[in-house]
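Spelled out, the chains give:
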Amino acid sequence: MTGEEVRILGVSEFQRNEYFDDVESLPTVHISEKLTDRDVLQENDLLFVRSNGNKALIGRCLHIGRMQAVASFSGFTIRGRRTSKSVDSIFGGRLFRGPKFRRYLDEMGGGTNISNLSQAILSDFTVALPTLPEQQKIASFLGAVDGKISGLRRKEAALTRFKAGLMQKLFSQKIRFTREDGSAFPDWEEKRLGAVFVERAQRGDILAELLSVTMNKGVVRAAEIDRTDGASADLSNYKSVRAGDIAYNSMRMWQGASGVSKYNGIVSPAYTVIYATSPQVMDFWGYYFKLPSVIFLFERSSQGLTSDTWNLKYPALASIRLAVPCIDEQRKIADAILAIDDKIAAVRSQTSRMEAFKKGLLQQMFV
């Protein structure tokens, strides 16, 4: 192996996985000395994070699966290898990811996360083990739960990709809806956003509910994201928001920080609030403002020398021109995307329930 490139498994893999077998994806380094058996990973080895800037990662365990190629491991990790056939390696990996081992590490750190994991700390950990057949049944059952969770995550990812592709085709007019009788909707009409929306600049009632604009969820109740700055802030300058308005973060519009409000309330003066001057399907506009090509227009129209100071006030937004369909086609587009969002939300809910179920199992099995 002298003078060759060797794959190295580093700490980054512990953040994404509990089980690892994708050796081909590992980065390589040049070595000048021959690897020994102690340096080479084998199937069913357990790797532990020895030290890391993120203390929460220290002690995290990774179960090594089938090795299709030679690989070694980072000096920031400790390799463990089974010495007794009475222990199932998969069960062992579960055990070291369980609450009892985490409590043990906290005790070793004096009640806080330890700053460095040693071989001695690992060796001193003791636990009562069930019989090998029971270990294997537990590992198999938890593996099935993990498989279900992984399948749900893949389904969510696929739906998210499908949504992005569909939005691109709908808003670029590569896919067009028709009326109920099969006739075509009129051509989209280019309009300035200032002809569709005006700014709602009036101050709100200081007793109204505090709202916030997030990147991923749009407009939400501030209490839902534990935002408490409004409790001590001067609310007299906060802006009024009504259900159906679009609120956006003026300094983050170029990143897509906008949403259609479902609530009446108030938002920080750092936000801009707009409302339609004629009947519009606001969910359609909420999706339109999230389209990458439109976000790029927001970025180009933002003012400021650097991204830290870019700001999109209403006058600049109002000058942007977009192609706009009639209200009936707006409704069909919005309904199609909302239907996908409902499916994504349902899958996320299933995933959360499965993760809670798994957590409960681990709490009971590895107390």
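Here the structure is a predicted model, which means the values were calculated and not measured. (Residues numbered from 1 in each chain as written. Predicted model: local features only at pLDDT ≥ 70, side-chain atom pairs only at ≥ 80, totals over all residues. Heavy atoms only, no water.)

Enquirer: For this particular structure, what's the right way to read the pairing of strand S17 (residues 321-324)?
Expert: Sheet faces and side chains relate simply in a regular strand, where the side chains alternate between the two faces. Covered by surrounding structure in S17 are Leu322 and Val324 only, the residues Arg321 and Ala323 on the alternate face being uncovered. Note: strand S8 (residues 189-192) against S17, 4 bridges, orientation antiparallel. Considered in S17, the bridge of lysine 191 is made with leucine 322. (Buried < 20%, exposed > 50% of the residue type's maximum accessible area, 1.4 Å probe, protein only. Helix = DSSP H or I, 4+ residues; strand = E, 2+ residues; numbered from the N terminus. Pairing = 2+ DSSP bridges.)

Enquirer: How do you make sense of the packing of helix H2 (residues 89-96) against helix H5 (residues 132-171) when you look at a structure like this?
Expert: The relative placement of two packed helices is expressed as an angle between their axes plus a distance between the axes. Where H2 meets H5, the closest approach of the two axes is 8 Å, and the angle between their N-to-C directions is 70°. Our classification of the angle between H2 and H5 gives roughly perpendicular. Every pair of crossing elements has a handedness; the one defined by H2 and H5 is left-handed. Taking contact as the criterion, the partners of Ile90, Phe91 and Arg94 in H2 are, on H5, Gln135, Ile138, Ala139, Leu142, Gly143 and Asp146. Taken together, the residues of the contact of H2 with H5 sort by class into 5 nonpolar, 2 polar and 2 charged. (Axes fitted to C-alpha atoms, helices over the stretch in contact; angles between N-to-C directions. Parallel < 35°, antiparallel > 145°, perpendicular 65-115°, else oblique. Left-handed = near helix turned anticlockwise from the far one by under 90°. Contact = heavy atoms within 4.5 Å. Nonpolar A, V, L, I, M, F, W, Y, C, P; charged D, E, K, R; others polar.)

Enquirer: What is the right way to read helix H3 (residues 99-108) from this model?
Expert: Two residues of an α-helix separated by three or four positions point the same way, owing to the 3.6 residues in each turn. Turning to H3, its buried residues are Pro99, Phe101, Tyr104 and Leu105. In this structure, the buried side of H3 is in contact with strand S4 (46-49), H2, helix H4 (119-123) and helix H9 (327-365).

Enquirer: Looking at this model, I keep getting lost on the environment of isoleucine 337. Mind explaining?
Expert: By the secondary structure assignment, isoleucine 337 is in helix H9. The spatial distance from the C-alpha of isoleucine 337 to the C-alpha of valine 87 is 50 Å, given a sequence separation of 250 residues. Not counting the four nearest positions on each side in its chain, isoleucine 337 is found in contact with Lys163, Met167, Leu170, Phe171 and Tyr287.

Enquirer: Please clarify how the side chain of threonine 351 should be interpreted in this entry.
Expert: Here threonine 351 shows up in helix H9. The residues contacting threonine 351, other than those within four sequence positions of it, are Ile149, Leu152 and Arg153.

Enquirer: Sorry if this is basic, but what is going on with a nonpolar patch on the surface here?
Expert: Together, Phe141, Phe357 and Met365 make up an exposed nonpolar region whose accessible area comes to about 270 Å². By the secondary structure assignment, phenylalanine 141 is in helix H5. (Patch = residues over 30% accessible without salt bridge, like charges linked within 9 Å, V, L, I, M, F, W, Y side chains within 5 Å. Areas by Shrake-Rupley, 256 points an atom, 1.4 Å probe, with all protein chains shown as cover. Salt bridge = Lys/Arg side-chain N within 4 Å of Asp/Glu carboxyl O.)

Enquirer: So what exactly am I meant to see when it comes to the pattern of salt bridges here?
Expert: Close approach of charged atoms allows side chains of opposite charge to pair. Under the defined criterion, the tally for this structure stands at 19 salt bridges. A salt bridge links glutamate 24 to arginine 7; the nearest nitrogen and oxygen atoms lie 3.0 Å apart. In this pair, glutamate 24 sits in the loop between strand S2 (19-20) and strand S3 (28-30) while arginine 7 sits in strand S1 (residues 5-9), placing the two residues 17 residues apart along the sequence. Given the relative accessible area of 22%, arginine 7 is considered partly exposed. Here the salt bridges do not stand alone but share partners, grouping Glu18, Arg94, Arg97, Asp146 and Lys358 into one network.

Enquirer: Can you walk me through the packing of aromatic side chains in this structure?
Expert: Scanning all chains against the criterion turns up 18 aromatic pairs. Aromatic side chains tryptophan 254 and tryptophan 310 sit 4.9 Å apart centroid to centroid with 80° between the ring planes, which places their arrangement in the edge-to-face category. You can see tryptophan 254 sitting in the loop between strand S13 (246-249) and strand S14 (258-260) and its partner tryptophan 310 sitting in the loop between helix H7 (292-301) and helix H8 (314-318), a full 56 residues away along the chain. The class for tryptophan 310 is buried, based on a relative accessible area of 19%. Among the aromatic residues, those joined into a ring-pair cluster are Phe171, Trp188, Phe197, Phe284, Trp285, Tyr288, Phe289 and Phe298. For the cation-ring pair, arginine 200 lies above tyrosine 275, with the distance from its terminal atom to the ring centre recorded as 4.2 Å. (Phe/Tyr/Trp six-rings, centres within 6.5 Å; stacked < 30°, edge-to-face > 60°. Lys NZ or Arg CZ within 6 Å of the ring centre and 35° of its normal.)

Enquirer: Could you clarify how one ought to interpret the nonpolar core in this entry?
Expert: One broad trend across soluble globular proteins is that nonpolar side chains are buried collectively. In this structure, Phe171, Trp285, Tyr288 and Phe289 are the most contacted members of the largest nonpolar core, which totals 62 residues. Counting residues per element, this core draws most heavily on H5, which supplies 11 residues. Apart from the residues lying within four places of it in its own chain, the contact partners of phenylalanine 289 are Leu193, Phe197, Ile246, Met253, Ser258, Ile274, Val294, Ile295 and Phe298. (Core = buried A, V, L, I, M, F, W, Y, C linked by side-chain atoms within 4.5 Å.)

Enquirer: What is the right way to read the sheet that holds S4 from this model?
Expert: Think of a sheet as strands paired side by side through backbone hydrogen bonds, with each pair either parallel or antiparallel. Spatial ordering of the open sheet is given by S2-S5-S4-S7, a layout of 4 strands whose pairing is mixed. The outermost strands of the open sheet, each flanked by one partner alone, are S2 and strand S7 (77-80). In terms of strand pairing, S4 meets S7 through 4 bridges, oriented antiparallel. What sits directly across from valine 49, in S7, is threonine 77. The sheet strands contacting H2 are S4 and strand S5 (61-64), and the helix crosses S4 at an angle near 15°.

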